[in-house]
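One letter stands for each residue in the lines below.
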Amino acid sequence: MDKVSSLSRKITQNIGLIIIVFSVIAYFLPDYFSWMTNYTTIFLALAMFGMGTSIDGDSFKEILKHPKEVMIGSLAQFTIMPLVAYLLSIVFGLNKDIALGVILVGSCPGGTASNVISHIANGDVSLSVSMTILSTLLAPIVTPLLVYLLAGKWVEVSIFAMFKSVVTVILLPVLLGIFAKKISPKGVEKSKDIFPLISSLAIILIIAGIIGANSEKIRQSGLIVLLIVMIHNALGLAGGLFIGKFTKMDYDKETALAIEVGMQNSGLAIQLATANFALNPLATLPGAIFSIWHNISGSIFASLRRKHKL
């Protein structure tokens, strides 16, 4: 288990670099990776199950201990990123597929990568985890509603179909993970290093699969999507930081909030685009590129915040 623990820790700590490496390989050798898109739902469900096994009674106690900060974080998550996504789509005159993909990313809850980045930044990790949990639990209702309201001018959106997708790949696996930890805490404890490893590998495979399946489209639209993703992510980090300062949070909480708002569960955005918008194939692209970029920018942001704190 020591070897598994060491491998899990190394992959989790270096997931941004690993994603970049696999994405580059998938771009140049797409046939070896494009098949993975057939299993996006399974990969994401595995990642969410792993997240569920890390949640226990203490996690919910943390939410109750800091209800104000957690609620502010979730509110910022579901306002700043969706609205910025919508405005970018309008300002840049994006085609409907790319606009839909950007709005899907903006409407998703926080991703588990934000917890790792908050740890690297010496931010308030317990607050980061609490915000991720709450936004994830709210996602089945809030995410489909936001996509319906913001992307409805470009494409037809079925709230119920999206609700069903989010419940299937996010809520149920997370609840199953919580349940597994409840009925067999010792078993989960023994396997505690395996689940983060599975979650990390699942996210890596999802992104590599999307890059491989869309390598030709990336050549055509990749630069504009990357530019939009970079602006979206930067405004999310800046917006979260501003909200933290405005509400007079301490430095560690500010850091966690900024990272939580700026880093999305882009794997969910990819899955929702795949499952619900098959007629808009480019809609998966913003989520895939966001997955790569937010790990890079998040690591840089974490390094700056850590140095400033010291």
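Summary of the structure given here. Residue positions within a chain follow its written sequence, with the count starting from 1. In keeping with the model being predicted, local features are shown solely for residues with a pLDDT of at least 70 and side-chain atom pairs are shown and tallied solely at 80 or more, while totals for entire chains, interfaces and linings include all residues. Neither water nor hydrogens contribute to the side-chain values; these are computed over all heavy atoms in the structure.

## A look at the packing of helix α6 (residues 96-107) against helix α12 (residues 215-246)
For the record, the criterion: Note on geometry: axes are lines fitted to C-alpha atoms, helical ones only across the stretch in contact, with angles between N-to-C directions running from 0 to 180 degrees. Numbering of helices and strands runs from the N terminus, with a helix taken as a DSSP run of H or I at least four residues long and a strand as a DSSP run of E at least two residues long. Small angles under 35 degrees read as roughly parallel and large ones over 145 as roughly antiparallel, with 65 to 115 read as roughly perpendicular and the rest as oblique. Here a crossing is called left-handed whenever its near helix is offset anticlockwise from the far helix by less than a right angle, and right-handed whenever the offset is clockwise. Only heavy atoms enter the contact rule, under which two residues are in contact if any of them lie within 4.5 Å. When residue character is reported, Ala, Val, Leu, Ile, Met, Phe, Trp, Tyr, Cys and Pro are called nonpolar, Asp, Glu, Lys and Arg charged, and the others, Gly included, polar.
Contact geometry of α6 with α12 gives a least axis separation of 11 Å together with a crossing angle of 25°. The angle between α6 and α12 places the two elements in the roughly parallel class. Viewed along their axes, α6 and α12 form a crossing whose handedness is right-handed. For the pair α6 and α12, the contacting residues are I98, V102, V105 and G106 in the first and V225, I228 and H232 in the second. Class assignment for the residues of the contact of α6 with α12 results in five nonpolar, two polar and no charged.

## Notes on the environment of G73
Rules: A 1.4 Å probe rolled over the protein chains alone gives each residue an accessible area, and that area as a share of the maximum for its type sets the label: buried under 20%, exposed over 50%, partly exposed in between.
Relative to the elements of secondary structure, G73 occurs in helix α5 (residues 67-91). Judged by relative accessible area, which is 1%, G73 ranks as buried. A C-alpha to C-alpha distance of 8.6 Å links G73 and G244, two positions 171 residues apart in sequence. With residues up to four places along the chain from it excluded, the contact list for G73 reads M131, L257 and V261.

## Let's talk about the packing of helix α3 (residues 40-53) against helix α14 (residues 266-276)
At a minimum axis separation of 10 Å, α3 and α14 run at an interaxial angle of 150°. Taken together, the axes of α3 and α14 lie roughly antiparallel to each other. The way α3 lies across α14 gives a crossing that is left-handed. Note on element contacts: α14 touches α3 through G267, L268, I270 and Q271, opposite T40, T41 and L44. Partitioning the contact of α3 with α14 into residue classes produces three nonpolar, four polar and no charged.

## So, the side chain of Q264
Keep this limit in mind: In protein, a polar contact means a hydrogen-donor-capable atom and an acceptor-capable atom, both N or O and within 3.5 Å, with residues adjacent in sequence counting only if both atoms are side-chain atoms; elsewhere, any N or O pair within 3.5 Å suffices.
In this fold, Q264 is placed in the loop between α13 (251-262) and α14. The exposure class assigned to Q264 is buried, which follows from its relative accessible area of 1%. Among the polar contacts listed, one links the side chain of Q264 to the backbone oxygen of V105, at a separation of 3.0 Å. Within the structure, Q264 has its side chain in polar contact with the backbone oxygen of C108 (distance 3.0 Å). Residue contacts for Q264: discarding those within four places in its chain leaves Q77, M81, V105, G106, S107, C108, P109, G110, G111, F290 and H294.

## Comments concerning α12
Threshold: Note that the bend at a residue is defined as the angle between axes fitted to the seven residues ending at it and the seven residues starting at it.
Of all the bends in α12, the greatest measures close to 70° and is centred on S221. Once α12 ends, the next one or two residues include K248, with phi positive near 60°.

## Observations regarding the pattern of salt bridges
Spelled out, the test is: Salt bridges are identified by distance alone: a Lys or Arg side-chain nitrogen within 4 Å of an Asp or Glu carboxyl oxygen.
Tallied over the full model, the rule gives four salt bridges. A salt bridge links K245 to E254, with the shortest nitrogen-to-oxygen separation between them at 3.3 Å. Note that E254 and R305 form a salt bridge whose closest N and O atoms lie 3.1 Å from each other. Pair noted here: E254 is in helix α13 and R305 is in helix α15 (residues 285-309), with a separation of 51 residues, a long-range link. Side by side, E254 and R305 carry an identical accessibility label, which is buried.

## Focus: α13
Inclusion rule: Expected span, for any helix, means 1.5 Å times one less than how many residues it has.
End to end, α13 covers 17 Å across 12 residues, agreeing with the expected 16 Å (1.5 Å per residue, within 8%). A large share of α13 lies buried, amounting to 10 of its 12 residues. Among the residues of α13, K253, E254, T255, A256, L257, A258, I259, E260, V261 and G262 are the ones counted as buried. Capping the start of α13, D250 holds a side-chain oxygen 3.2 Å from the backbone nitrogen of D252, two or three residues further along.

## Section: a nonpolar patch on the surface
Filter applied, for reference: Nonpolar side chains (Val, Leu, Ile, Met, Phe, Trp, Tyr) within 5 Å and like charges within 9 Å form the patches, drawn only from residues with over 30% relative accessible area and no salt bridge. Note that accessible areas follow from Shrake-Rupley with a 1.4 Å probe, and for residues the cover is restricted to the protein chains shown.
Together, L17, V21, F22, V24, I25, F28, L29 and Y32 give the surface a local cluster of nonpolar side chains, amounting to about 780 Å² of exposed area. Examined against the element boundaries, F22 turns out to sit in helix α2 (residues 15-28).

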